[in-house]
Amino acid sequence: MTSGIEALRKDYGSSIATLAGALAAGDEHLFLSELDLLVHKRERTLFSELRKLTGDLQSALDRFSVDSRLVDLAEKEVPDARARLDHVLKMTDEAAHRTMDLVEQCGPLAERTSRSAGDINEMWARFRARKIEIEEFRVMIQKMDAFLVASRADMDKVRGNLTEVLMAQGYQDLSGQIIRGVMKLVAELETALVDLVRLSRTGPGALPVEKPAPSDGMSRGFGPAVPGVDNGPSASSQDDVDSLLAGLGM
Amino acid sequence: MSKDMKFLVVDDFSTMRRIIKNLLNDLGYQNVQEADDGQTALPILQAGGIEFLVTDWNMPGMPGLDLLKAVRSDPKLAKLPVLMLTAEAKREQIIEAAQAGVNGYVIKPFTAVTLKEKIDKILEQRAA
């Protein structure tokens, strides 16, 4: 307490003495000008305190904003991102297996076509050279009949499988969209962490915290639905979409 | 339906553009142009000649919904058949697309049969 009084005496002692002297001497001008100086000095101290308080408040608000964003990221969005990446893993796994299944189905069909053609080819060469027996000619005709039927069916199957292989590559678009979303989240997490480090280092006067850019919502799209992650009603199949549109008169 | 019909396929993923283009070729449509978002698609559409638009929704630059709205608000393009082919499957999005004037909506992953059905249906309705 003594030190407080000492500080006040040091700051204001001479002014009070001047004021008392001016009052005793009846020097109105000196009294008023000294009083102005005293008030001004007091205001300066107040303003400086106020500025410090405002800075602290701003810093606390910034920290709160970073903290709450980080909490949100840590509690909701990072686990969501993990589920999204799991889904990507599942999609790429399924697409790779689907592609290989289809290729494996095509292999024996192509082989059978080639073998049967080769088989007929030998007899056909003898027929062209007019060195074929009538019985062998009959066998050749039967084989050719069977070959034409089988190869048509086999090649239809191969053609269908090729289309399926093409469709299976659609995983790249869907997984790409999900990975892009996770990359955006990682960038946001990085910004929040950098802001936190900057705030904890510098205190008042720190640079303002960058708020995440607001998403422009529906117009831009939400990306593929991920099981267990997306909220809100979604159409889960093309039939759902069709019945919804039919309900709208389309 | 004329197989010379000129398609524009808009998707930011080149793999998906290739898939759609190949499927259209399988269906007999050989005249297929590509664009990677609404911004690059719009000048191609405005230049004229495109008779069918197949577009994704979620794309950088101009998304498919904005492209659809731009098409519908351009008197020269307003009647162009538009098929939305997208992973966006929220009910409110499908309704929004319908209200913006989409002619068909297919969600990814899709099948070749679904794409064919939707294109045929749109073209039948146009012809009627």
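Below, the structure is looked at part by part. (Residues numbered from 1 in each chain as written. Chains lettered and ligands numbered in written order. Predicted model: local features only at pLDDT ≥ 70, side-chain atom pairs only at ≥ 80, totals over all residues. Heavy atoms only, no water.)

If you tally the helices and strands in chain B, you get 5 helices and 5 strands. From first element to last, N terminus to C terminus, chain B shows the α and β order β-α-β-α-β-α-β-α-β-α. By the compact-globule yardstick of 14 Å for 128 residues, chain B fits well, its C-alpha radius of gyration being 13 Å. Counting only C-alpha atoms, chain B reaches 30 × 30 × 30 Å along its principal axes. Residues classed as buried in chain B amount to 54% of the 128 residues present. Counting contacts in chain B only where the partners sit at least 6 residues apart, residues at least 24 apart contribute 64% of the total. Total accessible area on chain B stands at roughly 5,200 Å², and carbon and sulfur atoms take up 50% of it. Measuring between centres, the 16 positive side-chain charges of chain B sit 4 Å from its 17 negative side-chain charges. (Helix = DSSP H or I, 4+ residues; strand = E, 2+ residues; numbered from the N terminus. Rg over C-alpha atoms; globule rule 2.2 N^0.38 Å. Buried < 20%, exposed > 50% of the residue type's maximum accessible area, 1.4 Å probe, protein only. Contact = heavy atoms within 4.5 Å. Areas by Shrake-Rupley, 256 points an atom, 1.4 Å probe, with all protein chains shown as cover. Lys, Arg positive; Asp, Glu negative; His and termini not counted. Charge placed at Lys NZ, Arg CZ, Asp CG, Glu CD.)

Note that soluble globular proteins tend to have their nonpolar side chains buried in a common cluster. The biggest cluster of nonpolar side chains holds 31 residues, and the ones touching the most others in it are B:L8, B:V10, B:L45, B:L53, B:L67, B:V71 and B:Y105. If you list the elements that add at least two residues to this core, you get helix 5 (238-247) of chain A together with strand 1 (7-10), helix 2 (38-46), helix 3 (64-73), strand 4 (82-86), helix 4 (91-99) and strand 5 (104-107) of chain B. Counting residues per element, this core draws most heavily on helix 3 of chain B, at 4 residues. Aside from chain neighbours lying at most four places away, what touches B:Y105 is A:Q238, A:V241, A:D242, A:L245, B:W57, B:L83, B:M84, B:T86, B:E88, B:Q93, B:I94 and B:A97. Judged by nonpolar contacts, the second largest core, of 23 residues, contains B:I19, B:Y29, B:V54 and B:L115. (Core = buried A, V, L, I, M, F, W, Y, C linked by side-chain atoms within 4.5 Å.)

Each partner contributes to the interface: chain A provides 34 residues, whereas chain B provides 42 residues. Of the roughly 3,200 Å² buried between chain A and chain B on both sides combined, carbon and sulfur atoms contribute 61%. Per-residue buried area on chain A facing chain B is highest for A:M167, A:M218 and A:R220; these three make up 18% of the total on that side. Counting across the chain A and chain B interface gives 4 salt bridges. Where A:D242 meets B:K118, a salt bridge forms, and the shortest distance between an N and an O atom there is 2.9 Å. The tally of links from chain A across to chain B stands at 13 residue pairs in polar contact (both at pLDDT 80 or more). Counting residues per element, the ones that place at least two in the side of chain A that touches chain B are helix 3 (134-168), helix 4 (171-202) and helix 5 of chain A. (Buried area = accessible area lost by both parts, 1.4 Å probe. Salt bridge = Lys/Arg side-chain N within 4 Å of Asp/Glu carboxyl O. Polar contact = N/O pair within 3.5 Å; in protein donor to acceptor, adjacent residues only side chain to side chain.)

Function-wise, these values are silent; they only describe arrangement.
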